[in-house]
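Analysis of the macromolecular model
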Amino acid sequence: MRLLVENISTLVGTGIGGKLRLCGSEMSGLNTLDNAWLLADDGRFAAFGGMDDMPPEGLRADVVVDARGGMVLPSWCDPHTHVVYAGSREGEFVDKIRGLSYAEIARRGGGILNSADLLHTLSEDELYAQAMRRVREVMKKGTGCLEIKSGYGLNTADELKMLRVIRRISESVPARIVSTFLGAHAIGRGYGHAEYVDLVVNEMIPEVGRERLADFVDVFCDEGFFTPEDTARILDAAAPWGMRPKIHVDELASIGGLQVGVERGALSVDHLENMREDEFGVLRGSITMPTALPGTSFFLNMPYAPARKMIDSGLPVAVASDYNPGSTPSGDMKFVVSLACIKMRLLPSEAINAATINAACAMGLSADYGSIDVGKVANFFVTEPMPSVDFIPYAYTTPIVSRVFLGGEEIV
């Protein structure tokens, strides 16, 4: 099917030129084309140009969409989520208001363990139904690529249940879904620390690998959770099964997880709220994408990742929602872009690049997603008419998405 979108006020995020990510000062460049048209053919971008230069005979499209003066952006890419979970944890939300920290709630047996207890009671079908509501929600808000983690099972059977649900989601929606095994999210109830790490390495990873349920492996490498030594052991065990690392580091404290991830070729290191500036050098020259989660900082009243300083030092930065029941019950990537500007001092162009091409890179998908380039998958959304691109993060609660297209077809 050939799809033509015309009367676009501004086409945003074009012509990345084969780059898989943007670093440092490159992130402030947001290629745009005013008064534009866009053609998709067989689910991929085929051409674009100015309305004044459209061929007289048109572009022989099967479907013509009038953008009515709205902008067109590449779909948001969200490279860190936990959208497969059971129930909610608003009781802990009240505990936080009363002064308990995330770490204190975890030490009392709450947090991740509460979600694991809830998930254990649900069937796969029930868990799938709950997760699909969240996935549809974020698709409507413009997200076209989504990473989803396990990590609320904390035993072999329930971790596999979560990963099977993620696989079902990937087969059910037009958004691009990637899966991450996060058995090492917390120590499961009834296990000692060493015993649980043994379980992850010796039982969970082989089972996940045999069923080919995960693209990536993650570890919550942080104070009070898993050590750098645990992390190295788990990543090494997952490598023969083809699971590349994408790991939690430096959220609560900097304990060496970033270094372990970079040494093992991690695709991304995520959170970074307590990242030290002397760690910037570890990332420089590596293939690892530092990924900030400003929604977590907002919800937990934590420091924000030093994204401004990272970009100024020449590093790339991606952003993600961290959609989960305990620390970020929101998958709204537009709000993430606003937080990146307001709280991390990114320019709107930098924040949008962090949520598109660099976020796609943090999932290993930027060859096919994250910008409007000929040959890439036609994931994009049309906005309501707006005065400028800067309006997107400025109007931080205003809905802007008018129409969503994934794989060149409209999602209603």
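Predicted model, so just to flag it, every value in this text is computed and none were measured.

Criteria and cut-off values
Residues numbered from 1 in each chain as written. Predicted model: local features only at pLDDT ≥ 70, side-chain atom pairs only at ≥ 80, totals over all residues. Heavy atoms only, no water. Phe/Tyr/Trp six-rings, centres within 6.5 Å; stacked < 30°, edge-to-face > 60°. Helix = DSSP H or I, 4+ residues; strand = E, 2+ residues; numbered from the N terminus. Buried < 20%, exposed > 50% of the residue type's maximum accessible area, 1.4 Å probe, protein only. Lys NZ or Arg CZ within 6 Å of the ring centre and 35° of its normal. pLDDT = per-residue confidence, 0-100. Expected span 1.5 Å × (residues − 1). 1 Å grid on protein atoms, 1.4 Å probe; cavity = no way out; pocket = protein on both sides within 12 Å on 5 of 7 lines; lining within 4 Å. Points joined across faces, edges and corners; volume = space filled by probe spheres on them. Nonpolar A, V, L, I, M, F, W, Y, C, P; charged D, E, K, R; others polar. Arc of directions from axis to C-beta. Contact = heavy atoms within 4.5 Å. Salt bridge = Lys/Arg side-chain N within 4 Å of Asp/Glu carboxyl O. Core = buried A, V, L, I, M, F, W, Y, C linked by side-chain atoms within 4.5 Å.

1. Quick notes on the packing of aromatic side chains
Each aromatic ring pair is summarised here by two numbers: the centre-to-centre distance and the angle between the ring planes. The final tally for this structure, using the stated rule, is 10 aromatic pairs. Residues Tyr196 and Phe226 carry aromatic rings whose centres are separated by 6.4 Å and whose planes lie at 40° to one another, so their mutual orientation is tilted. Of this pair, Tyr196 sits in helix 6 (residues 193-211) while Phe226 sits in the loop between strand 9 (216-221) and helix 7 (228-238), and the two are 30 residues apart along the sequence. Here Tyr196 matches Phe226 in class, with each residue buried. Chaining the aromatic ring pairs together yields one cluster made of Phe45, Phe380 and Phe405. The lysine or arginine in question, Arg134, covers the ring of Tyr85, its NZ or CZ lying 3.5 Å from the ring centre. The aromatic ring of Tyr128 is capped on one face by Arg168, whose charged end is 4.0 Å from the ring centroid.

2. Here's the deal with the confidence of the model for the chain
Close inspection of predicted coordinates is inappropriate for parts of the model with low pLDDT. Scored by pLDDT, the chain comes out at a mean of 95, with 99% of its residues at no less than 70. Per-residue pLDDT, averaged within each element of the chain, yields its smallest value for helix 2 (residues 102-107) (74) and its largest for strand 13 (residues 318-319) (99).

3. Looking at helix 5 (residues 156-172)
Owing to its 3.6 residues per turn, the α-helix brings residues three or four apart onto one side. Given a rise of 1.5 Å per residue, 17 residues ought to cover 24 Å, and the 24 Å separating the end C-alpha atoms of helix 5 matches this to within 8%. Looking at helix 5, one finds that the buried residues are Thr156, Asp158, Glu159, Leu160, Lys161, Met162, Leu163, Val165, Ile166 and Ile169.

4. Some thoughts on empty space enclosed by the protein
Inspection of every chain in the model, using the stated rule, returns 2 cavities of 30 Å³ or more. Roughly 90 Å³ of internal volume is contained in the largest cavity. As for the largest cavity, its lining consists of 14 residues, of which His82, Tyr102, His185, Asn324 and Ser327 are closest to the centre. Its residues assigned to classes, the lining of the largest cavity comprises 4 nonpolar, 7 polar and 3 charged. Approximately 40 Å³ is the volume attributed to the second largest cavity. In terms of lining residues, the second largest cavity is bounded by Pro74, Ser75, Cys77, Gly144, Cys145, Asp368, Tyr369, Gly370, Ser371, Val377 and Asn379. When its residues are assigned to classes, the lining of the second largest cavity shows 5 nonpolar, 5 polar and 1 charged.

5. Quick look at helix 3 (residues 112-120)
Among all positions in helix 3, only Ile112, Leu113, Ser115, Ala116 and Leu119 are buried. Within helix 3, the buried residues cover an arc of 155° as seen down the axis, which keeps them to one side. Buried residues along helix 3 sit against helix 2, helix 4 (124-140), helix 5 and strand 9.

6. With respect to unusual backbone geometry
Positive phi is not limited to glycine here, since Arg68 has a value of about 55°. For Arg68, a relative accessible area of 68% puts it in the exposed group.

7. Describing the pattern of salt bridges
The tally for this structure, following the rule as stated, stands at 22 salt bridges. Between Glu26 and Lys19 there is a salt bridge whose closest N-O contact spans 2.7 Å. For Asp125, the salt bridge identified is with Arg168, shortest N-O distance 2.8 Å. Taken together, the positions of Asp125 in helix 4 and Arg168 in helix 5 put the pair 43 residues apart, joining distant regions of the chain. A residue is classified by how much of its surface remains accessible, and Arg168, at 26% relative accessible area, is partly exposed. Taken together, the salt bridges that share partners define one network made up of Glu124, Asp125 and Arg168.

8. Let's talk about the nonpolar core
Judged by nonpolar contacts, the single largest core of 102 residues is most densely connected at Trp76, Val84, Ile169, Phe181, Ile234 and Val319. The element contributing the most residues to this core is helix 6, with 8 residues. Each residue touching Phe181, except ones within four places of it in the same chain, is listed here: Ser150, Glu159, Leu163, Val200, Met204, Ile205, Val208, Ala214, Phe216, Val217, Asp218 and Met243. Judged by nonpolar contacts, the second largest core, of 16 residues, contains Val5, Ala36, Val65 and Val382.

9. Comments concerning the layout of surface pockets
Put simply, the largest pocket is a space of about 490 Å³. Lining the largest pocket are 23 residues, and of these Ser101, Tyr102, Ala103, Ala106 and Leu252 lie nearest its centre. Those elements that provide at least two residues to the lining of the largest pocket are helix 1 (90-97), helix 2, helix 3 and helix 10 (294-300). For the lining of the largest pocket, the class distribution of residues is 15 nonpolar, 5 polar and 3 charged. Within this model, the second largest pocket holds a volume of roughly 230 Å³. In terms of lining residues, the second largest pocket is bounded by Trp76, Glu137, Lys140, Lys141, Asp332, Lys334, Tyr396, Thr397, Thr398, Pro399, Ile400 and Val401.

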